[in-house]
Amino acid sequence: MRAVELIERKRDGGALSAAEIDFLVQGFTVGEIPDYQMSAFAMAVVLRGMTAKETAALTASMVASGERLDLSRFGRVVDKHSTGGVGDKTTLVVAPLVAACGAPVAKMSGRGLGFSGGTLDKLESFAGYRVDLTTAEFLTQLERTGIVVTGQTADLAPADGKLYALRDVTGTVPAIPLIASSIMSKKIAAGAQAVVLDVKVGSGAFMKERASAAALARTMVAIGVAHGLAVTCELTDMEQPLGMAVGNALEVKEAIAALRGEGPADLVRLVRLAGAEMLVRGRRARDVASALARIDRAIADGSGLAKLRELVAAQGGDARLVDEPSRLPVAPRVEVLRAAHTAYVAAIAADRVGLASVRLGAGREKKGDPIDLRTGILLRAKVGDRVERGAPYAEVHAAGRASDAEAIELVRAAVRWSGARVARRRLVLGRIASR
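In this text the structure is predicted, and so the values were computed from the model without any measurement.

S.K.: Describe the pairing of strand 9 (residues 376–379), with residues and values.
M.R.: Here strand 9 shows a buried face lined by Gly376 and Leu378 and a second buried face lined by Ile377 and Leu379. With 2 bridges joining them, strand 6 (residues 245–246) and strand 9 adopt antiparallel strand pairing. Paired with Ala245 across the bridge in strand 9 is Leu378.

Right, here's the structure in full:
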């Protein structure tokens with residue numbers, strides 16, 4: 001086989017066999033097929049798509065590029081994943097809560113991709129937190145604490161690790177076959193028996209329309225079923241940021257507040273929804289009602305917060321910051337934005353807020369960029385809220401970059417006002433699940 005012929009066939013709308021896809025994936029993994037050819041293949045997939053059979057073959061090949069963990073000795077392990085959004089710190093809250101309820105949580109997370117923040121970047125707000133656990137360390141910690149949140153190891157789906165980084169810088173992120181195979185190859189390789197997926201929909205997500213989000217969800221459920229996983233996909237709104245905080249340390253503070261029972265309503269609702277589904281899928285609760293009661297109890301009795309403390313300490317982070325979040329990284333300058341007139345918040349463009357966070361240094365302009373954990377945006381109002389003239393509706397936490405002024409204007413432009421009362425946005429848009 002020749003890579004260029006396969007690229008040309010996909011470019012022209014043809015289908016590839018499982019053997020041909022495996023040739024590309026394994027060749028790319030070991031360096032025999034260069035980045036520029038895999039970039040061309042990824043762009044051909046963006047433009048031409050893949051059949052269900054091709055997507056399944058791509059996923060299987062990425063799983064086969066490394067080892068597949070066997071976590072059966074830990075019981076029924078459940079994983080959770082979000083397709084990415086602005087202000088989405090759900091994992092930081094729900095993973096400790098579910099683990100506190102007795103369900104082992106084994107999660108491999110990623111870095112920020114575009115204006116979508118990454119769980120690993122947020123966790124690194126805890127000084128010393130390690131995101132590079134080996135497979136042996138991953139397994140040891142899961143056995144000892146019942147929870148692990150780390151980066152993808154070199155041994156698990158290495159093809160996806162390479163392709164994920166390549167897509168970020170070649171404009172090939174928004175393609176359902178590539179997104180679905182990337183997410184599911186990691187979940188299958190990491191050994192969880194059940195997966196709860198949060199598929200974001202809206203301006204602050206990769207999937208802008210509900211129809212495309214539903215198509216992605218159906219694809220991931222089908223892949224999961226084919227590999228013996230129980231999968232639930234919740235479609236959730238990302239037309240405005242989730243919660244109030246956008247930016248790494250700011251989001252960690254908000255996650256800690258949520259574990260203390262003081263989180264914003266939309267974040268708490270999503271955490272309860274995802275947590276309950278994880279407990280049901282993990283067979284730790286007989287139904288959603290009893291699962292919700294367990295999640296609420298883990299918040300009320302502090303066991304979820306204690307599990308976050310345990311997680312941070314286990315991975316080398318400064319666990320004292322869980323109890324003293326004021327000591328997390330703080331930006332040197334805060335610009336407070338105030339309402340010019342008394343009005344209702346009609347819209348908050350999540351994509352503009354996300355882009356503002358990148359300009360502030362909280363996200364990456366390109367692969368490998370360092371990020372500033374201190375910076376970001378703290379909203380003081382959400383869609384449907386009434387804001388009095390002169391009252392704050394947002395704070396911009398800045399560190400003195402040349403692009404700070406642009407970021408501030410992006411936040412201003414993101415908020416649309418109305419003199420009339422505005423309905424609050426619907427958070428949960430749909431559900432697609434395996435049996």
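What follows picks up the thread again.
S.K.: Go over empty space enclosed by the protein, please, and point to the residues and values.
M.R.: One pass over the structure, following the stated rule, counts 4 cavities of 30 Å³ or more. By volume, the second largest cavity amounts to about 60 Å³. Looking at the second largest cavity, the residues that line it are Lys80, Thr90, Val196, Leu197, Asp198, Glu234, Leu270, Leu273 and Ala274. Contributions of two or more residues to the lining of the second largest cavity are made by strand 4 (194–201) and helix 12 (265–281).

S.K.: An account of the side chain of Thr172 is needed here, citing residue identities and associated values.
M.R.: With respect to the helices and strands, the residue Thr172 is situated in the loop between helix 8 (158–168) and helix 9 (176–190). Since its relative accessible area comes to 0%, Thr172 is described here as buried. Among the polar contacts listed, one links the side chain of Thr172 to the side chain of Thr170, at a separation of 2.9 Å. Residues in contact with Thr172, not counting those within four places in the same chain, are Ala42, Met43, Val46, Arg167 and Leu178.

S.K.: An account of the packing of aromatic side chains is needed here, citing residue identities and associated values.
M.R.: Under the criterion given, the structure shown has 1 aromatic pair. For the pair Tyr393 and Trp417, a centre-to-centre distance of 5.1 Å together with 85° between the ring planes defines the contact as edge-to-face. Placement of the pair is Tyr393 in strand 11 (residues 392–398) and Trp417 in strand 12 (residues 415–418), with a sequence separation of 24 residues. Classification of Tyr393 by relative accessible area gives buried; the value is 7%. Accessibility expressed as a relative area gives 30% for Trp417, which makes it partly exposed. Lying over the aromatic face of Phe28, Lys162 brings its terminal NZ or CZ to 4.5 Å of the ring centre.

S.K.: Tell me what's going on with the packing of helix 2 (residues 18–29) against helix 8, and back it up with residues and numbers.
M.R.: For any two helices packed against each other, the geometry comes down to the angle between their axes and how far apart the axes lie. It is at 9 Å that the axes of helix 2 and helix 8 come closest, and there the two elements cross at 85°. With respect to each other, helix 2 and helix 8 are oriented roughly perpendicular. Contacts from Val25, Phe28 and Thr29 in helix 2 reach Pro158, Ala159, Lys162, Leu163 and Leu166 in helix 8. Class assignment for the residues of the contact of helix 2 with helix 8 results in 6 nonpolar, 1 polar and 1 charged.

S.K.: Could you give an account of the layout of surface pockets, with specific residues and numbers?
M.R.: Of the voids in this model, the second largest pocket is the one considered here, and its volume is about 280 Å³. As for the second largest pocket, its lining consists of 16 residues, and the residues nearest its centre are Gln240, Asp266, Lys382, Arg424 and Arg425. The element best represented in the lining of the second largest pocket is helix 12, accounting for 3 residues. Among the residues making up the lining of the second largest pocket, the classes are represented as 7 nonpolar, 1 polar and 8 charged.

S.K.: Describe the environment of Thr134, naming the residues involved and giving the relevant values.
M.R.: The residue Thr134 is located in the loop between helix 6 (119–123) and helix 7 (135–145) in this model. On a C-alpha basis, the gap between Thr134 and Ala154 in space is 8.2 Å, while along the polypeptide they are 20 residues apart.

What counts, and at which threshold
Here the residue index of a chain counts from 1 through its sequence in written order. Predicted model: local features are reported for residues with pLDDT of at least 70 only, side-chain atom pairs are reported and counted for 80 or more only, and whole-chain, interface and lining totals are derived from all residues. Here the side-chain values reflect all heavy atoms present in the structure, with hydrogen atoms and water set aside. Think of it in three bands: residues with accessible area under 20% of the maximum for their type are buried, residues over 50% are exposed, and the middle band is partly exposed, with areas taken using a 1.4 Å probe on protein chains only. Runs of H or I in DSSP of at least four residues are treated as helices and runs of E of at least two as strands, each being numbered from the N terminus. Whether two strands pair comes down to DSSP finding at least two bridges between them. Definitions used for this entry: grid spacing 1 Å over protein atoms alone; cavity, a set of points where a 1.4 Å probe fits but cannot get out; pocket, an open set with protein on both sides within 12 Å along at least 5 of 7 lines; lining residue, one with an atom within 4 Å of a point. Grid points are joined across faces, edges and corners, and a volume is the space filled by probe spheres set on the points. Residues adjacent in sequence count toward polar contacts only when both atoms are side-chain atoms; beyond that, a polar contact is any pair of N or O atoms within 3.5 Å, and within protein one must be able to donate a hydrogen and the other to accept it. The criterion used for residue contact is that any of the two residues' heavy atoms lie within 4.5 Å. Classification of ring pairs rests on two measures: the distance between centres of Phe, Tyr or Trp rings, Trp counted by its six-membered ring, which must be within 6.5 Å, and the angle between planes, read as stacked under 30 degrees, edge-to-face over 60 and tilted in between. Geometrically, a charge over a ring is one whose NZ (Lys) or CZ (Arg) sits within 6 Å of the ring centre while staying within 35 degrees of the ring normal. The angle between two axes is taken between their N-to-C directions and runs from 0 to 180 degrees, where each axis is a line fitted to C-alpha atoms and a helix contributes only its stretch in contact. The scheme is simple: roughly parallel for angles under 35 degrees, roughly antiparallel for over 145, roughly perpendicular for 65 to 115, oblique for anything else. Throughout, the ten residues Ala, Val, Leu, Ile, Met, Phe, Trp, Tyr, Cys and Pro are labelled nonpolar, Asp, Glu, Lys and Arg are labelled charged, and all others, Gly among them, are labelled polar.

Everything listed here is a matter of geometry and, on its own, says nothing about what the molecule does.
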